[in-house]
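Chain by chain, the residues:
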Amino acid sequence: MSQFFYRVPNEWIRNKPPDVKKICTCFLIDETRGLGGRGITSIQYITDNCGYKQRRGFSQINSVYQSILQGLFDDDMLSLIKGSHFPPQNISSAIPYLVNEDNFDVVDNFTKLTDREFDIIIRNNSNRNKENLLALYLYVKSFYHQSPCPIGFCQSLETVKEKINISRYSAIKLYDELIEKELLYKYHVGSRQITRGGQDIRENVPNVYIPNLGQSEEELDITYKSTVEIMKDFYGVSEFLPFMKNLKEM
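Calculation criteria
All chains use their own residue numbering, which begins from 1 and follows the written sequence. Residue-level local features of this predicted model are given only where pLDDT is at least 70; pairs of side-chain atoms are given and counted only at 80 or more, and the full residue set underlies all totals for whole chains, interfaces and linings. Side-chain descriptors were evaluated using all non-hydrogen atoms of the structure, hydrogens and water having been removed beforehand. Angular values range over 0 to 180 degrees, each being the angle between N-to-C directions of two axes fitted as lines to C-alpha atoms, with helices fitted over their stretch in contact. Secondary structure elements follow DSSP: runs of H or I no shorter than four residues count as helices, runs of E no shorter than two count as strands, and numbering proceeds from the N terminus. Any angle that falls under 35 degrees is termed roughly parallel, while one over 145 is termed roughly antiparallel, one within 65 to 115 roughly perpendicular, and all others oblique. The contact definition used throughout considers only heavy atoms, calling two residues in contact when any of these lie within 4.5 Å. Residues belong to one nonpolar core when they are buried, are Ala, Val, Leu, Ile, Met, Phe, Trp, Tyr or Cys, and are joined through side-chain atoms within 4.5 Å. Three exposure classes are used, based on accessible area relative to the maximum for each residue type with a 1.4 Å probe and protein chains only: buried under 20%, partly exposed in between, and exposed over 50%. Take the residue count of a helix, subtract one, and multiply by 1.5 Å to get its expected span. We treat two strands as partners when DSSP finds at least two bridges between them.

Draft legend 1. Representation of the packing of helix 7 (residues 130–142) against helix 9 (residues 168–180) in the model. Contact geometry of helix 7 with helix 9 gives a least axis separation of 10 Å together with a crossing angle of 75°. What the angle tells us is that helix 7 and helix 9 run roughly perpendicular. Taking contact as the criterion, the partners of N132, L133, L136, Y137 and V140 in helix 7 are, on helix 9, A171, L174, Y175, E177 and L178.

Below you can see the structure in the form of structure tokens.
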């Protein structure tokens, strides 16, 4: 059975910071639409499936998702089905919608967010940092290419923390969780020697991360090696020195 996926525009993923709540809302809209682009949702359904507790009335998180839906209607990504109205009377009121495919569906420059990934990172995850977790995962995945030359993700922690708007420590913890959840593979590349402040020092180059999409060991190895070759050219070295941990070679 094929896996459901929503095509997330890379423009949304690489915004600073990415609008994760909008991405999750569109995923749920796409997941529940049926033939002819028609579907029914509610504020409660969206908040529940994004892992938020309900609040009475339209305060706090409910109003955030109502505003996101309003934006989708305003941008003509969704239309109300005749006879319905928005905003709804309460959080559980049905919102019948019609997907405007020309504006909602992305045909190029996108990254797939599968139902498995959404369930692991968002729907079935109690971690309070899960939105940052999804932001980092999609950011990494958006730079992964399988053909013609497979390339993994090798941006620095400094770049990642700026793009996702998180601390360096948080980025490391999020990477660890994605690896623990078997969504990413991590490879140490090594180090290089540079001159800084008149002194020769050794520093590690960024790790390589590869999304777990069911590749074989051979495919993963090819991706890792082709990524390292690109990194050698970028850093101007013929080979990397051994990886350093606590200033010691590993």
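On we go from here.
Draft legend 2. Spatial organisation of the nonpolar core. Within the largest apolar cluster, 51 residues are counted, with the highest numbers of intra-cluster contacts made by L69 and L78. When residues of this core are assigned to their parent elements, the largest contribution, 8 residues, is made by helix 7. Among all residues touching L69, those that are not within four sequence positions of it are T25, I29, I43, I46, L78, F86 and I95. I210, L220, Y224 and M231 belong to the second-largest nonpolar core, a separate cluster that totals 10 residues.

Draft legend 3. Expanded view of helix 7. Its 13 residues give helix 7 an end-to-end C-alpha distance of 18 Å, which sits within 8% of 18 Å, the value for a rise of 1.5 Å per residue. Across the 13 residues of helix 7, 12 count as buried, placing the element largely inside the fold. Among all positions of helix 7, only K130, E131, L133, L134, A135, L136, Y137, L138, Y139, V140, K141 and S142 are buried.

Draft legend 4. Geometry of the environment of L98. With respect to the element layout, L98 can be found in strand 4 (residues 95–99). Of the residues examined, L98 reaches a relative accessible area of 26% and is grouped as partly exposed. When the C-alpha atoms of L98 and F110 are compared, they prove to be 22 Å apart, with 12 residues separating the residues in sequence. Setting aside anything within four residues of it in sequence, one finds L98 in contact with G36, G37, R38, M77, L78, S79 and I81.

Draft legend 5. Quick peek at the sheet that holds strand 4. Pairing within the open sheet is antiparallel, and its 3 strands lie in the order 2-4-3. The sheet is open, and its two edges are formed by strand 2 (38–41) and strand 3 (78–80), each paired on a single side. Each strand of the sheet is rotated relative to its neighbour by a mean of 40°, with strand direction disregarded. Summarising the sheet, strand 3 and strand 4 pair through 3 bridges and their orientation is antiparallel. Following the sheet pairing, S79 is matched in strand 4 by L98. Each of strand 2, strand 3 and strand 4 is contacted by helix 2 (residues 20–32), which is oriented at about 125° to strand 2, the strand it contacts most.

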